[in-house]
Amino acid sequence: MSFLNFVSGVAQLSHSVVSRETGCILGGARLGSENSAVNWPQQHISAHLPGSTASTLCDVWWVDAPCRSGCDEGIAWRRAGDVLYGVIELDEADFSAAGCPAIQAASEEAYRRIFRLLDAQKLPALWRVWNYLAGINEETAGLERYRQFNIGRQDAFLACRQGTTGNVPAACAIGLSAGPLSIAFLAGAVPAVAVENPRQISAYHYPAEYGPRSPIFSRAALVYPPGQEILFISGTASIVGHQTVHPGDIAGQCSESLANILAVVSEANRLCRSARFMPDALIYRVYLRHAADYPVVRNILSPTLGDAGIVYVEADICRADLLVEIEAMAMHSLESGASAKHPAEPL
């Protein structure tokens, strides 16, 4: 298999252009107000994009090699060598008679299907997961929907004999105004190396005040496609220990989130096998609860991140008192430096 590649923040993307210039698309995401049919797995994130002149931006994973495609139990997937990207969307209305909150039932079913697919493909390592659900902070049946989602996710992990602590995937869980439960994931044959943040308690060890089941994700993960090392930093917010800090203060929360990103990068550099990861060379997605906070967040991030590729998305965060969340990634060859493309480098 040729190297796995990634390009972020492309405003105009056509299948013919990508196929001609880059070979085969493994999958990707379309962020913004528009959706379009493509013949690769694509997660649609329907949200406003503060700071962008484009109504839609695309992220794409691609390889210079043929991909195998499939659709199993509603999961659209593509595989190149020992790397697989998949997307599943489930309508909560289909789980209204489940005997538990619909988002809980949908979450459990989605993850059960994902693990069945990975088992069938003999790719046991779930590396990175992107979870999006409507009304993440709303309360139904006496419990916040994010906490219901966590119950379903953990039930699936346990039922499928997956570990729920330690070497778990990097992930985010983000709220949108409407839409199905949407989960995209990247998986492979080689286990990831989990990276935790010394400034924070691991999410899977959160106390019961955050819900009856803990979230299942690592603060970051180092993953290893053939000849490469990828750093995935999970959704990172203004949390120290397990507590939200700077409630109601977007500047304080952004600065604290950045401090957590820098701490995770430092820890990843202690564990990595390739060149050191530099904060201003990562690719970022920044979620803002309020689009009006964009100038403040941009001005705080710019001195440290410089010309790093950043896409801003208006979306809700997993805790109602959080105003901003930052995720990041970077790709290195195990022999040389970074190989991912920034938004300023269109296909």
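Trainee: Mind showing me how you'd approach unusual backbone geometry here?
Mentor: Most peptide bonds are trans, and most residues other than glycine sit at a negative phi. The phi dihedral of A141 falls on the positive side, at around 55°, and the residue is not glycine. Mapping A141 onto the fold places it in the loop between β9 (139-140) and β10 (143-144). On the basis of relative accessibility, which here comes to 74%, the residue A141 falls in the exposed class.

Trainee: What exactly am I supposed to notice about the packing of aromatic side chains here?
Mentor: Between two aromatic rings, the relevant description is the distance of the centres plus the angle of the planes. Inspection of the entire model under this criterion finds eleven aromatic pairs. The interplanar angle of 45° and the centroid separation of 6.3 Å between the aromatic rings of Y111 and F115 together place this pair among those described as tilted. Of this pair, Y111 and F115 both sit in helix α2 (residues 102-120), four residues apart, roughly one helical turn. In this structure, Y111 and F115 share a single accessibility class: buried.

Trainee: Sorry, what's going on with the pairing of strand β20 (residues 324-333) here?
Mentor: Side-chain positions along a regular strand alternate between the two faces of the sheet. Of all ten residues making up β20, ten are buried, and the element is well covered by its neighbours. Every second residue of β20 is oriented toward a common face, with V324, I326, A328, A330 and H332 on one face and E325, E327, M329, M331 and S333 on the other, all of them buried. Note: strand β15 (residues 228-236) against β20, seven bridges, orientation antiparallel. Counted as the bridge partner of E229 is H332 from β20. Two strands pair when backbone bridges link them, and strand β18 (residues 283-288) and β20 are joined in this way by six bridges, in the antiparallel orientation.

Trainee: It is not clear to me how the pairing of strand β4 (residues 56-63) should be interpreted in this structure. Could you clarify?
Mentor: Buried residues dominate β4, accounting for eight of its eight residues. Neither face of β4 is exposed, since T56, C58, V60 and W62 on one face and L57, D59, W61 and V63 on the opposite face are all buried. By the bridge criterion, five bridges tie strand β1 (residues 4-10) to β4 in an arrangement that is antiparallel. For V10, the partnering residue across the bridge sits in β4 and is C58. As judged from the eight bridges shared by strand β2 (residues 24-32) and β4, these two strands associate in the antiparallel manner.

Scoring rules and cut-offs
Residues numbered from 1 in each chain as written. Predicted model: local features only at pLDDT ≥ 70, side-chain atom pairs only at ≥ 80, totals over all residues. Heavy atoms only, no water. Helix = DSSP H or I, 4+ residues; strand = E, 2+ residues; numbered from the N terminus. Buried < 20%, exposed > 50% of the residue type's maximum accessible area, 1.4 Å probe, protein only. Phe/Tyr/Trp six-rings, centres within 6.5 Å; stacked < 30°, edge-to-face > 60°. Pairing = 2+ DSSP bridges.

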